[in-house]
Amino acid sequence: MTAQTTHRPSDADAPDTTAAFERLHALPEGAERQRLGAELVEAWLPMARRLAGKFRDRGEPLEDLEQVAALGLVKAVDRYDPARGPFAPYAVPTIVGEVKRYFRDHAWSVHVPRRIQELRNKVRAAVRELSLANGYRLPTLAQIAEHTQMSEEDVLAGMEAIDSFRAVSLDAQLGAGGFEGESPVLGELLGHSEPRYDTVVAREAVRPFLARLPERERRILYLRFFRDMTQAQIGEELGISQMHVSRLLSRACERVRRQIERDATDQRQPALAA
């Protein structure tokens with residue numbers, strides 16, 4: 001037995017499947033119920049696609065939205081009870097809710113809390129409504145807050161979330177310009193951390209304390225860390241044993257470390273006293 005459907009002239013995507021749903025509701029779980037359910041989904045699929053089309057300009061491919069809407073339709077067919085009334089008023093919120101849930105949970109490039117997403121939707125709707133009413137002039141922050149009955153802080157949070165829906169690639173071109181007609185890309189305008197910055201800071205920190213070391217210890221440090229000589233090579237050049245070089249290196253490094261720590265402590269104490 002198949003789902004016999006007739007279409008109402010006023011709505012081409014709302015077939016009359018009342019009898020089929022009554023049969024579906026009475027059937028037990030099994031192959032026949034699954035087959036009839038699939039036929040009902042197929043009959044109402046045009047409506048699901050129409051509802052998905054209402055979200056087509058929000059950055060997601062229409063094919064993906066239609067698949068999500070079809071999933072919502074399957075859930076509606078499976079859960080529908082004919083005693084609740086006509087199928088369409090029950091199915092539409094289910095399908096639309098599934099599409100909105102998709103946007104909430106999967107379409108954002110950066111995870112945004114649900115409360116902020118809701119603020120974004122309210123602000124977005126208010127901007128559209130106020131712009132139409134004011135001759136397409138963008139409303140002010142105060143006007144949006146008054147229209148939505150929200151605080152200005154919440155309006156600002158919603159406005160920031162509007163720009164968080166889609167991430168921009170670092171390779172994105174920023175319009176005309178650049179060398180020989182090439183447009184600059186976003187990544188070229190962003191700063192980055194200098195990998196040797198910490199090394200420069202460390203060298204400047206130890207410089208005055210190195211100058212206070214005895215001449216031989218400064219010489220050993222220079223040969224070891226600037227000329228990359230081994231302890232044995234240093235010992236041969238200075239006429240001392242490798243063991244002696246090792247002790248002098250350790251003593252010099254420890255002395256410089258203690259002086260740096262003492263200097264940092266002395267600098268913090270005036271700040272604490274103030």
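Up top is the structure.
In short, a report on the structure. Every value quoted in this text rests on a predicted model; they were computed, and no experiment measured them.

## A short note on the overall build of the protein
In step 1: Looking only at helices and strands, the protein features eleven helices and two strands.
In step 2: In sequence order, the protein lays out its α and β elements as β-β-α-α-α-α-α-α-α-α-α-α-α.
In step 3: Across the 274 residues that make up the protein, the buried fraction comes to 28%.
In step 4: For the protein, the share of sequence-separated contacts (at least 6 apart) that also reach a separation of at least 24 residues comes to 49%.
In step 5: Here the protein displays about 18,500 Å² of accessible surface, and carbon together with sulfur accounts for 52% of that area.

## Describing the pattern of salt bridges
In step 1: Across all of its chains, the model carries 15 salt bridges by this definition.
In step 2: E254 serves as the salt-bridge partner of R258, at 2.9 Å between the closest nitrogen and oxygen. Here E254 and R258 lie together in helix α11 (residues 242-273), a separation of four residues that amounts to about one turn.
In step 3: Here E254 falls in the partly exposed class, since its relative accessible area comes to 27%.
In step 4: Within the structure, one salt-bridge network assembled from shared partners comprises E254, R257, R258 and E261.

## Brief notes about the packing of helix α9 (residues 215-225) against helix α10 (residues 231-238)
Two quantities define a packed helix pair, namely the angle between the helix axes and the distance between the axes.
In step 1: At a closest axis distance of 10 Å, the pairing of α9 and α10 adopts a crossing angle of 135 degrees. Compared by their axis directions, α9 and α10 come out oblique. Classified by chirality, the crossing of α10 by α9 is right-handed. Along its contact with α9, which presents R219, I220, L223 and R224, the element α10 presents I234, E237 and L238.

## A short note on the nonpolar core
In step 1: One finds F21, W44, L73, V77, F87 and I95 to be the most contacted residues of the largest nonpolar core, which totals 30 residues.
In step 2: For this core, the elements supplying multiple residues, two or more each, are α1 (18-26), α2 (31-53), α3 (62-79) and α4 (87-106).
In step 3: The leading source of residues in this core is α2, at ten residues.
In step 4: Once residues within four sequence positions are removed from consideration, V77 is found in contact with F21, L24, G37, L40, V41 and F87.
In step 5: Core analysis: the second largest hydrophobic core is formed by 13 residues, F209, I220, L223 and L249 among them.

## Considering the packing of aromatic side chains
The geometry of an aromatic ring pair is captured by the separation of the ring centres together with the interplanar angle, meaning the angle of the planes.
In step 1: Under the definition given, this model contains six aromatic pairs.
In step 2: Each ring, one from F21 and one from Y80, has its centre 4.8 Å from the other, and the planes form 75 degrees; the classification is edge-to-face. Taken together, the residues span a long stretch of sequence, with F21 in helix α1 and Y80 in the loop between α3 and α4 at a distance of 59 residues.
In step 3: The class for F21 is buried, based on a relative accessible area of 3%.
In step 4: Overall, Y80 belongs to the buried group, its relative accessible area being 9%.
In step 5: Clustering of aromatic rings is evident, with ring pairs tying together F21, W44, Y80, F87 and Y90.

## Details of helix α7 (residues 152-162)
Helical geometry note: an α-helix holds 3.6 residues per turn, so side chains three or four residues apart project in the same direction.
In step 1: For α7, the complete set of buried residues consists of V155, A157, G158 and A161. The arc that holds the buried residues of α7, viewed along the axis, is 160 degrees, so those residues lie on one side. Of the exposed residues in α7, the ones pointing more than 90 degrees away from its buried face are E153 and E160.

## A word on unusual backbone geometry
In step 1: Of note, Q149 is a non-glycine position whose phi angle comes to about 60 degrees, a positive value.
In step 2: Examined against the element boundaries, Q149 turns out to sit in the loop between α6 (141-148) and α7.
In step 3: With relative accessibility at 70%, the residue Q149 sits in the exposed group.
In step 4: Positive phi is not limited to glycine here, since D228 has a value of about 55 degrees.
In step 5: By the secondary structure assignment, D228 is in the loop between α9 and α10.

## Considering a nonpolar patch on the surface
In step 1: On the surface, L156, M159 and I162 cluster together into a nonpolar patch covering about 220 Å² of accessible area.
In step 2: Looking at the element boundaries, I162 is found in helix α7.

## Section: the environment of L73
In step 1: Position of L73 relative to the elements: it lies in helix α3.
In step 2: On the basis of relative accessibility, which here comes to 0%, the residue L73 falls in the buried class.
In step 3: Once the C-alpha coordinates of L73 and V41 are considered, the two residues, 32 residues apart in sequence, prove to be 6.6 Å apart.
In step 4: If sequence neighbours within four positions are ignored, L73 has contacts with V41, W44, L45, A48, F87 and I95.

Scoring rules and cut-offs
Residues numbered from 1 in each chain as written. Predicted model: local features only at pLDDT ≥ 70, side-chain atom pairs only at ≥ 80, totals over all residues. Heavy atoms only, no water. Helix = DSSP H or I, 4+ residues; strand = E, 2+ residues; numbered from the N terminus. Buried < 20%, exposed > 50% of the residue type's maximum accessible area, 1.4 Å probe, protein only. Contact = heavy atoms within 4.5 Å. Areas by Shrake-Rupley, 256 points an atom, 1.4 Å probe, with all protein chains shown as cover. Salt bridge = Lys/Arg side-chain N within 4 Å of Asp/Glu carboxyl O. Axes fitted to C-alpha atoms, helices over the stretch in contact; angles between N-to-C directions. Parallel < 35°, antiparallel > 145°, perpendicular 65-115°, else oblique. Left-handed = near helix turned anticlockwise from the far one by under 90°. Core = buried A, V, L, I, M, F, W, Y, C linked by side-chain atoms within 4.5 Å. Phe/Tyr/Trp six-rings, centres within 6.5 Å; stacked < 30°, edge-to-face > 60°. Arc of directions from axis to C-beta. Patch = residues over 30% accessible without salt bridge, like charges linked within 9 Å, V, L, I, M, F, W, Y side chains within 5 Å.

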